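# Commentary on secondary and tertiary structure
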Amino acid sequence: MPEIKVTPLGAGQDVGRSCILVSIGGKNIMLDCGMHMGYNDDRRFPDFSYITQNGRLTEFLDCVIISHFHLDHCGALPFMSEMVGYDGPIYMTHPTKAICPILLEDFRKITVDKKGETNFFTSQMIKDCMKKVVPLNLHQTVQVDDELEIKAYYAGHVLGAAMVHIKVGLESVVYTGDYNMTPDRHLGAAWIDKCRPDVLISESTYATTIRDSKRCRERDFLKKVHESIERGGKVLIPVFALGRAQELCILLETFWERMNLKAPIYFSTGLTEKANHYYKLFITWTNQKIRKTFVQRNMFEFKHIKPFDRSYADNPGPMVVFATPGMLHAGQSLQIFKKWAGHEKNMVIMPGYCVQGTIGHKILNGQRKLEMEGRATVRILFQLDVKLQVEYMSFSAHADAKGIMQLIRMAEPRNMLLVHGEAVKMEFLKGKIEQEFNCHMPANGETVTVTTNPSVPVDISLNLLKREMALGGTLPDPKKPRTMHGTLIMKENSLKLVSSEQALKELGLNEHQLRFTCRVPLQDPHSDPDTLHGIYLHLKSVLKGYTIQHLPDGTVMVESIVIKVSSSAEDPNTKVLLLSWSYQVKYFHLLKKG
Amino acid sequence: MSLTECRTELSASHFPLNMAAHLKKRVYEEFSQVVQIPQEEAPAKKLRLSKPSKSAALHIDLCKATNSTDALQYLLQFARKPVEVESVEGVIRILLEHYYKETDNSVRLKIASLLGLLSKTQGFRPDCIVDDAINTLNNEKSHQVLAQLLDTLLVIGTQLPESPTVRQRLIEMACKHLSDSYFGVRNKCLKLLGCLGTVDAPLTKDNEGLGTSLGGVRDVQSIISDYFGDQDPRVRTAAIKAMLQLHERGMKIHEIIYNQACRLLTDDYEQVRSAAVQMVWVLSQLYPESIVPIPSSNEEIRLVDDVFGKISHMVSDGSWMVRVQAAKTLGSILQVSPHFLEQTLDKKLMSDLRRKRTAHERAKELFTSGEFSSGRKWADDAPKEKLDTNTVYLIASGACGAFVHGLEDEMFEVRIAAVEALSQLARSSPSFAEKCLDFLVDMFNDEIEEVRLQSIHVLREISTHITLREDQLDTVLAVLEDSSRDIREALHELICYTNVSTKECIQLALLELLKNLNKYPTDRNSVWKCLKFLGSRHPTLVLPLVPELLSTHPYFDTPEPDMDDPAYIAVLVLVFNAAKSCPTMPALFSDHTFRHYAYLRDSLSHLVPPLRLPGNGLDLVDSRCSSGSVESAQLFLQQSLNRVSTIQNLEAPGAQDLLNFTIRDLRRLGELQTELAGAADFCATYLRCQLLLMKALQEKLWNMAVPLCLKQNVTATAAAQQILEETYKLEFLYSGLESRQVATIHHVRLQAKALQLVLTARTRQGLDPLISSCEKFLQDIESFQRLFLAELPHLQDSFVDKLLELMPRLSSCKPVETVKILQTTLRQSGLLQLRLPEQIHRATATIIEPTGESDNPLKFTTGLVVALDIDATLEHVQDPQNIVKVQVLYPDGQSHMIHPKPGDFRKPGPNRHRLITQVYLSHTAWTEPSQIEVRLLLAYSSSSTSLSSASPASKLGWSDSIDSLPQPEAAVEGTIPFSKPVKVYIMPKPARR
C-alpha cells in the first residue's frame with residue numbers, strides 16, 4: 001500500500017515556525033519554513049538536522065512551498081537555503097515573493113543591527129534565497145518534475161496567501177497554510193474545489209472559536225473609535241505592519257469618508273509604505289469591492305490616512321494612530337501608549353492576539369498599574385497608571401471552527417491533519433472531525449503515516465472502446481462493472497489496455513493462430529465430394545441460423561470452422577472427417593450432432 | 001422569368017466586394033442554367049407574381065452551391081430575411097430535399113435549425129412537417145445534427161399545443177433518443193420531455209426496463225428522474241430543468257424524487273447544484289407538511305423544514321452562483337417552523353436541531369456557557385468544560401447561521417439576496433423580524449452602498465413589527481452622518497415609521513437628527529418631516545421631555561429662541577405634533593411658543609397640525625376645520641357641482657354669477673382639504689372653461705356686422721385660446737382620470753375649436769383657409785367619435801351629439817353653411833355635467849432647492865457654465881423621466897429647456913418623486929447681478945396620450961396604430977408649468993484678459 005508521511009518540524013500542536021515535511025509518492029516536500037517569535041535561540045528555527053545531519057538539503061527535498069509572507073511561515077527560509085544549504089525550487093505566489101524579502105530584511109535588521117546577534121543570515125543571503133523562488137499563479141498547475149505537480153488556491157488571510165494542492169500520481173495532499181473563510185474589508189474568502197485529497201493539512205488556530213458575525217465586530221470597532229473621537233480623545237491601535245493593518249485602514253478610511261469625519265488618522269511609516277505599494281499593485285488578490293472599484297480609485301490610496309511623525313503624538317485634539325508593533329511590547333506603539341495612558345478620554349484598541357508577558361497582554365487582563373523601564377541609561381522603574389480605555393477586538397484572519405469545517409466540506413478529504421494550533425484546542429476539534437473521518441494531530445518531529453488506496457488508471461485504446469460499445473449497445477453504466485477482452489501492456493510506469501492485434505504489433509510479435517483439429521472417422525460409401533455435400537446439407541438442416549458455406553475447394557465452412565473430408569488410402573469407405581477450429585470457437589458441440 | 005433574373009442579380013450583389021468582380025462573371029455565365037429550373041415551377045409562381053417566392057430563390061441558391069461552405073453561406077444569408085407565411089411550407093420542402101442529399105454535417109445542422117426557425121413563423125401550422133422531421137431524425141447519424149433536429153421538434157411541438165397525437169409521437173422520439181451517447185442529444189430529449197410531457201400519463205411504478213419500455217408505459221417524470229444520475233453534469237442539469245418545466249406547466253411533481261433531488265444538492269457541478277436548489281424548493285412548496293425521516297436517527301421532520309435546512313446549508317456553498325440562488329430561495333420558504341427559522345441567525349447554535357429538541361436546548365446552554373468564543377472578548381475561549389461531542393455535528397449543521405454567512409459573504413450579490421430573503425421572512429414572522437433586526441442594522445455598515453440602502457429599505461418595510469431598543473436605535477442613528485444623501489433620506493424615511501420604546505430614545509433621535517441638520521443643512525425638510533412623524537407616533541414619550549426641549553423654567557423666563565433657526569423649528573415640529581394627541585401638553589408651553597405656533601401653522605402648515613389651544617381665537621376655526629372630515633368636504637363638492645348642473649338652461653348673468661361663486665368655493669375647498677385638492681381644482685378649472693365659453697357666446701354682438709365688433713371678437717378669441725390651454729391642463733396635469741372625464745375635456749376642447757372656427761370665419765376674408773380649417777374640424781369630430789365611442793351615450797344632448805346628428809349635412813355643405821350650423825349648435829348646447837372620478841390628483845412640484853432667498857449672486861465667468869443644484873419633489877406625476885423638464889428664463893427673455901437624466905429621479909414613496917439634478921447655466925456678460933427664473937414644466941403630446949388614455953383596454957401595438965389609424969389630429973405638443981418659479985440671483989462676469 002502506498003503511504004503518505006507527514007512530519008511537522010514546527011507548528012505541530014503549536015503556533016509558530018510552521019514547517020511540515022511531506023513525503024508522497026517518493027517525493028519529499030517542505031511546506032513553509034517559518035520561525036518562532038517566542039524564542040531567541042536555536043529553537044526559533046525548525047530543526048533541519050531531522051532531515052540530514054550534515055550536508056545540504058537539496059538532495060533530500062524535491063521542493064519547498066511557502067504559503068504566505070508571515071515570518072512564522074517564511075522566516076527561516078534564508079537560513080535554510082543559504083546557511084543549511086538548499087538549491088532546489090522554492091514556490092510562492094507573486095505577492096508573497098514581493099513582500100517576503102521586505103519582512104525578512106526587517107527581521108534581519110532587528111536581530112542583527114539592534115540586538116547585535118551574529119551568525120545570522122545577511123542581506124545578500126536573502127537576495128540569493130529569493131533568486132531560487134519560482135512564482136505561482138492562482139489555479140495554475142505547476143509541474144515541479146514529471147510526477148509532482150502543485151496548484152495554488154486563494155486562501156484569504158493576507159495578501160497573496162495560498163493553499164496548495166500537491167499531487168503525485170493519484171495521491172494528493174492539500175496544505176492550507178493560514179486561511180480565512182470569512183471575507184474582510186480587503187480580502188476575499190478562501191476557496192478550493194472538490195479535489196478530494198488523501199490528506200488535508202489544515203491550520204487550527206481558532207479550533208474552539210465560532211465567531212459572531214464579523215459585522216458586529218466591525219460596527220463595534222467603528223462605534224468605539226467614533227465615540228472616542230467625538231469626545232475629543234485619541235485612539236491608539238497597535239498593529240503589525242502587514243495584514244490586519246490594511247484591513248483596519250480600509251475600514252476606517254471608508255468610515256471617515258462616509259461619515260465626513262475630519263479627525264486625522266496616522267500610520268507609522270517605514271515598512272508599511274513599501275508594503276502598501278504592493279497592496280496597490282496586487283489588486284487581483286483583493287476582494288470584490290476593491291477589485292471592482294480600483295479603476296475609479298484604488299482603495300489603498302488612502303485619503304484620510306497620513307504618515308505619522310513622532311511629534312504628532314503631542315498634538316492636541318482627537319486623532320487615530322496605527323502604530324507597530326501589535327503587542328505593545330516595544331517601539332512606537334509603546335512610546336505612544338506611555339504618552340496617552342494617563343487620560344481616560346483616550347483609548348487603545350487591541351485588534352489581535354497578545355503573547356503572555358507583553359504589555360498588551362497585561363492591560364487586556366485588566367492590569368491598571370504597569371511598571372515601566374525609564375528611557376535613561378540607568379534603569380529606573382516607574383509606575384504608569386493606565387487610565388485610558390482598553391478594548392479588544394478580534395480581527396484575526398484565521399478560519400474559525402465553522403470555517404475549518406466549511407473547508408473540509410469543500411475539499412472532501414479522506415484524512416485530516418491538524419497543525420498550527422494549541423494542543424488543547426486541537427483536541428476538541430479533532431474529536432469532532434473524527435466522527436466523520438480520520439484525523440491526526442502530530443507533535444513536532446512526530447510522523448503520521450497515512451495509507452492510501454489509489455485507483456490505478458489505465459489508458460484504453462479508443463478502437464477497443466468503440467468496438468466494445470458497438471457490442472454492448474447501451475451506455476456504460478458507471479456503477480456496474482463490465483468485462484471485455486483486451487491486452488494489458490505495462491510499459492515504463494504506464495498501463496495500457498489495447499486490443500490483442502495492437503499489442504502484438506507494438507511488441508513486434510507474430511500472431512500465432514491456435515487451431516484445434518480433430519479427426520472423425522466415418523463410414524460412408526459415397527465419394528468424397530458427395531460425402532461432403534451430404535454433410536453440408538445435413539448441417540444446413542440442423543444448424544439453422546448459422547452461415548454454412550460449401551466452398552469450391554472442397555471444404556465446408558460453418559462460421560469459422562472448416563470441415564474437410566478425405567478418404568483413407570486403404571479403405572475407400574472409411575472417410576475421415578477433418579475438423580479445424582480456432583480456440584475462440586465454442587460451439588463445436590453443435591457439430592457433434594452432425 | 002424576368003423575375004428570377006432579377007433575383008439572381010440581387011444575390012450576386014450580396015457577395016463581398018473582393019469576390020464580386022470574379023464571381024459576377026461566373027454568375028452571368030451561369031445564367032442559362034439558372035433560368036431552366038424555375039420553368040418547372042412556373043405555374044405555382046404565377047399565382048403570386050407580385051412577391052418573388054422565397055422558396056424558388058432558395059432552391060436556386062442551394063442548387064448553385066458547389067460545396068458545403070457555399071451552401072452554408074447561402075443558408076446563412078437566407079436566414080437573415082423573413083419568410084412570408086404562404087411560402088413557408090414550400091421553403092421547408094426544399095430545405096428537406098436538400099437535407100436528404102447533403103452529406104456535410106454543418107449544412108444539415110443549419111438546415112435543421114432553419115426548420116425550427118421557420119416553424120415559428122406566425123400563422124404557420126407545422127403539423128404537415130412533423131412526419132418529415134421525425135423521418136430525418138431516424139436516419140440521422142451525426143449527434144450534433146440529431147440534437148438540433150430534436151430542438152426543431154421541440155419548436156414544432158410547442159407550436160402545436162392542442163394536438164395530442166403529435167405530442168405523443170414526439171415524446172416517443174425523445175424517449176428513444178434518450179439513450180444516445182452524446183450529451184447534447186440527451187439534453188434536448190429531456191428538454192422536449194419537459195416542455196411536452198403530458199400531465200395525464202399514468203404512473204406505473206415500474207422501475208425495471210429502463211431504456212426499453214417507452215412512452216405511455218412509464219410516467220414522464222420517472223423517465224426524467226432516471227437521468228438525475230446521468231454521468232454528464234449537463235444532462236443532470238437538463239433533467240432537473242425538465243422537471244421544473246413540468247412543474248411550471250402545472251404538472252404535479254411526485255414526492256418520490258425528493259431524495260434524488262436532495263442528493264443532487266451535493267453534486268460536484270455548480271449548475272447542477274443550482275438547479276437542484278430550485279427543484280428542492282418546488283417540492284417544499286408542493287408537499288410542505290409531509291414527513292421525512294432524518295438519516296442516522298429515527299426522528300422525522302416536516303419536509304419544508306428539511307428543505308429549509310438543506311438550502312440554508314447551500315448558503316455556504318463553494319460557488320457564489322449557488323449561494324445567490326440559495327439565499328434567494330430561502331426567502332420564499334415561508335411555511336418553515338419558527339425554531340428552524342431562528343436558527344439561521346445563530347451561528348453558534350451548532351447543528352443538531354434535526355435530531356432532538358432537547359438536544360438543542362442542551363447545546364445552546366453549552367455554547368452560551370463558553371464552549372466557543374465569540375471573538376469579542378479577550379480570552380473567553382479558554383476551554384472550560386468537556387463537551388459531549390456526540391451531540392455536535394459540525395459538518396451537517398443545517399440551517400445554523402445561514403443568514404450570518406449570507407450577510408457576510410464575499411460577493412455583494414449574495415448579500416443583497418440574503419437581505420431580501422431576510423425581509424421576506426421577517427414580514428411573515430414578527431418574532432423573526434425582531435431577531436433579524438441586529439443583523440440588518442449591521443448591514444448599514446456594508447462596504448457597498450447598494451447593500452446599505454437595501455437593508456435600510458428592508459428595515460423600513462418590517463418596521464411595523466418591531467420596536468427599536470435604545471442600543472439598536474443608536475446604531476441606526478449613527479448612519480445619519482453618512483455622506484450619501486440617498487442613505488440619509490432612506491434613514492429619515494425609516495425613522496418616520498419606527499416605534500421606539502423610551503423617552504431616552506426620542507431624545508437620542510432628536511439629538512442625532514439635529515446633528516444631521518447641522519452637518520447637512522439641505523436635509524432640513526426631510527428632518528422636519530421625520531420629526532413630525534416621530535412626534536405624532538410617540539406623544540406620551542415626548543410629554544416628559546417638553547420642558548427640556550423648549551427650555552422652559554418654572555420660575556425664570558428664558559430668552560425667546562430664534563424663530564428662523566431650523567433646529568428650533570425641528571424641536572417645535574416634534575412638540576406640536578406630539579401635542580396634537582396629548583391635550584395636556586400645551587399647558588407646558590410658554591407664551592412665545594404659542595406665537596411661534598401660529599406662525600409655523602401658517603408657514604409650514606404641512607408639518608404643523610392644527611391644535612386645540614386654550615384661549616386662542618384661532619382654534620375654533622381650526623378645530624372645526626379639522627373635525628370637518630373628508631366626507632363632509634366631499635359632500636360639499638358634490639353639492640356645488642349639482643348646483644351648477646341646474647344652470648343648464650339658465651341664460652343670463654345669474655348663471656355666470658353662480659359659476660363664479662362655485663369656482664371660488666371650490667378653489668378655497670381645495671386649499672383647506674388637501675385630500676380633495678385635486679378634485680376641487682379639477683372641477684374649478686372645468687367650470688372656468690365653461691364660464692369662459694358661456695361669456696364668449698353670450699356676447700350680444702354676435703349678430704352685429706364684423707367690422708363693428710372687432711374688440712369683442714378679440715376677447716372671444718382670447719377666451720377660446722384660454723379654454724384650449726385649460727383643457728390641456730385638465731387632461732395632462734391630473735392623474736386618475738377615467739375615459740369619461742377625458743371625453744368631457746375633449747368635448748370642451750371641441751367647443752373651443754368650434755368657437756375659434758366661427759370667429760375665423762367672421763373675421764378673416766377668403767375662402768381657402770376656411771375650407772381647410774373646416775375640414776380639420778370635421779376630422780376632429782370624427783376622431784372624437786372614434787376615440788370615445790363608448791362614452792357617446794353619456795353625451796346626449798351635448799354639442800357633439802347634435803353635431804354628429806348633423807354630420808351628413810356638414811360633410812357635404814359649404815364652409816359658410818358649416819360655420820352657421822356650428823354657431824347655432826354652439827349657442828344651443830348647454831353645460832355638460834361633470835362627473836367626479838374616484839381619485840383625482842393634481843401633479844404638483846415644489847422646488848426645494850434653490851430657495852430663491854439668497855442675496856449673494858452666483859458669480860461665474862461669461863461663456864463658461866455654472867452648475868445650479870436643483871432639488872424638487874414631484875407628486876402624482878406619472879413617468880416623470882420622460883415628461884418633466886426644467887426651464888430657465890433669463891431676464892432678456894431667453895429661455896432654456898433642460899431635460900434631466902432619468903437617473904436624477906428617485907422614488908421615495910408612492911406617487912412621489914424626487915428630482916435632484918444639476919442645471920448648467922451660462923450667459924454673456926451682465927453689468928450687474930440679476931435674477932433668472934427656474935421652474936419645472938410638464939411636457940405633453942396630445943396624440944400619444946389621448947390615444948392611450950382613451951382606449952386603455954385595447955392597447956394597440958406600435959406598428960398597428962401607425963398602419964390602421966391615420967393620425968387624427970396633428971399632435972399638439974406643449975408644456976404646462978406646474979411649479980412655482982424660483983428666482984436665482986446670478987452674475988456673469990466678463991472674463992479678465
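Predicted model, so just to flag it, every value in this text is computed and none were measured. (Residues numbered from 1 in each chain as written. Chains lettered and ligands numbered in written order. Predicted model: local features only at pLDDT ≥ 70, side-chain atom pairs only at ≥ 80, totals over all residues. Heavy atoms only, no water.)

Interface size is commonly expressed as the accessible surface area that is lost when the partners come together. On the chain B side, the residues contacting the 62 residues of chain A number 66 residues. Of the roughly 5700 Å² buried between chain A and chain B on both sides combined, carbon and sulfur atoms contribute 50%. At the boundary of chain A and chain B, one finds seven salt bridges. Two residues, A:Glu230 and B:Lys515, come together in a salt bridge whose shortest N-O distance is 3.4 Å. Taken together, the links from chain A to chain B amount to 22 residue pairs in polar contact (both at pLDDT 80 or more). At the level of secondary structure, the elements contributing two or more residues to the side of chain A that touches chain B comprise helix 5 (214-230), helix 6 (244-259), helix 8 (288-293), helix 10 (359-364), helix 11 (401-411) and helix 12 (423-433) of chain A. (Contact = heavy atoms within 4.5 Å. Buried area = accessible area lost by both parts, 1.4 Å probe. Salt bridge = Lys/Arg side-chain N within 4 Å of Asp/Glu carboxyl O. Polar contact = N/O pair within 3.5 Å; in protein donor to acceptor, adjacent residues only side chain to side chain. Helix = DSSP H or I, 4+ residues; strand = E, 2+ residues; numbered from the N terminus.)

The next subject is the sheet that holds strand 20 (residues 415-419) of chain A. Residues and elements named next belong to chain A. Within the open sheet, the seven strands sit side by side as 7-8-9-10-11-20-21. Their pairing is mixed. This sheet does not close on itself; its edge strands, each paired only once, are strand 7 (141-143) and strand 21 (439-440). Here helix 11 sits on the sheet and contacts strand 9 (162-168), strand 11 (199-203) and strand 20; the angle it forms with strand 11, its principal contact strand, is near 160°. Running over the sheet, helix 12 touches strand 20 and strand 21 and is turned about 170° from strand 20. (Pairing = 2+ DSSP bridges. Axes fitted to C-alpha atoms, helices over the stretch in contact; angles between N-to-C directions.)

Turning our attention to the side chain of B:Thr685. Residues and elements named next belong to chain B. One can find threonine 685 in helix 35 (residues 677-697). Under the relative-accessibility criterion, threonine 685 is labelled buried at 7%. Contact partners of threonine 685, with chain neighbours within four places excluded, come to Arg667, Glu726, Leu730 and Tyr734. (Buried < 20%, exposed > 50% of the residue type's maximum accessible area, 1.4 Å probe, protein only.)

All names here are of chain B. Per-chain confidence: chain B averages 76 in pLDDT, with 79% of residues scoring 70 or above. Across chain B, helix 15 (residues 270-286) holds the top mean pLDDT of 93, while helix 43 (residues 958-964) sits lowest at 37. Segment residues 380-396: pLDDT under 50, and 45 contacts once partners within four positions in sequence are set aside and those in other chains are kept. Contacts for the low-pLDDT stretch residues 617-627, under 50 throughout, to residues beyond four places or in other chains number nine contacts. For this predicted complex, the interface score ipTM comes out at 0.79, alongside a pTM of 0.73. (pLDDT = per-residue confidence, 0-100.)

On to the sheet that holds strand 22 (residues 448-451) of chain A. Residue and element names in this part refer to chain A. Here we have seven strands laid out as an open sheet, ordered 6-5-4-3-2-1-22, and mixed in their pairing. Each edge of the open sheet carries a strand with a single partner, namely strand 6 (133-136) and strand 22. Adjacent strand axes in the sheet meet at a mean angle of 25° when their direction is disregarded. Two strands pair when backbone bridges link them, and strand 1 (residues 3-10) and strand 2 (residues 19-24) are joined in this way by six bridges, in the antiparallel orientation. Its bridge partner lying in strand 2, glycine 10 is registered against cysteine 19. Where helix 2 (residues 77-85) meets the sheet, it contacts strand 3 (27-31), strand 4 (63-65) and strand 5 (90-93), and its direction lies at approximately 155° from that of strand 5.

Attention now goes to the nonpolar core. Counting 182 residues, the largest nonpolar core has B:Ile224 and B:Leu459 as its most contacted members. Leave out the neighbours within four places in its chain, and B:Leu459 touches B:Leu437, B:Leu440, B:Val441, B:Phe444, B:Ile466, B:Val476 and B:Leu494. Grouped together as the second largest cluster of nonpolar side chains are 133 residues, A:Ile20, A:Val173, A:Phe267 and A:Ala275 included. (Core = buried A, V, L, I, M, F, W, Y, C linked by side-chain atoms within 4.5 Å.)

Looking now at a nonpolar patch on the surface. A cluster of nonpolar side chains, A:Val456, A:Val458, A:Leu488 and A:Met490, forms an exposed patch at the surface whose accessible area comes to about 410 Å². By the secondary structure assignment, A:Leu488 is in strand 24 (residues 487-491). (Patch = residues over 30% accessible without salt bridge, like charges linked within 9 Å, V, L, I, M, F, W, Y side chains within 5 Å. Areas by Shrake-Rupley, 256 points an atom, 1.4 Å probe, with all protein chains shown as cover.)

Here the focus is the packing of helix 8 (residues 130-139) of chain B against helix 10 (residues 164-177) of chain B. Residues and elements named next belong to chain B. In the contact formed by helix 8 and helix 10, the axes pass within 11 Å of each other and the chain directions differ by 10°. Comparing their axes, helix 10 and helix 8 come out roughly parallel. The segment helix 8 lies against helix 10, with Val130, Asp131, Ile134, Leu137 and Asn138 engaging Val166, Arg169, Leu170, Met173, Lys176 and His177. Here the residues of the contact of helix 8 with helix 10 sort into six nonpolar, two polar and three charged. (Parallel < 35°, antiparallel > 145°, perpendicular 65-115°, else oblique. Nonpolar A, V, L, I, M, F, W, Y, C, P; charged D, E, K, R; others polar.)

As a further point, take the packing of helix 26 (residues 503-519) of chain B against helix 27 (residues 524-537) of chain B. Residues and elements named next belong to chain B. Packing of helix 26 against helix 27 brings their axes to within 10 Å, and their N-to-C directions diverge by 170°. Taken as axis vectors, helix 26 and helix 27 run roughly antiparallel relative to one another. The residues of helix 27 that touch helix 26, namely those facing Ile506, Ala509, Leu510, Leu513, Asn516 and Leu517, are Arg524, Val527, Cys530, Leu531 and Leu534. Looking at the contact of helix 26 with helix 27 residue by residue, the classes come out as nine nonpolar, one polar and one charged.

A few words now on the packing of aromatic side chains. Summed over the entire model, instances satisfying the criterion amount to 27 aromatic pairs over all chains. Here A:Phe45 and A:Phe79 contribute two aromatic rings whose centre-to-centre distance is 4.7 Å and whose plane-to-plane angle is 20°, an arrangement assigned as stacked. With A:Phe45 in the loop between strand 3 and strand 4 and A:Phe79 in helix 2, this residue pair connects regions lying 34 residues apart in the sequence. Centroid distance B:Phe732 to B:Tyr940: 4.6 Å. Interplanar angle 10°. Geometry classified as stacked. Within this pair, whereas B:Phe732 is found in helix 36 (residues 710-733), its partner B:Tyr940 is found in strand 14 (residues 930-941), the two being separated by 208 residues in sequence. Of the residues examined, B:Tyr940 reaches a relative accessible area of 13% and is grouped as buried. A network of ring pairs unites the aromatic residues A:Phe45, A:Phe48, A:Phe79, A:Phe107, A:Phe120 and A:Phe121 as a single cluster. (Phe/Tyr/Trp six-rings, centres within 6.5 Å; stacked < 30°, edge-to-face > 60°.)

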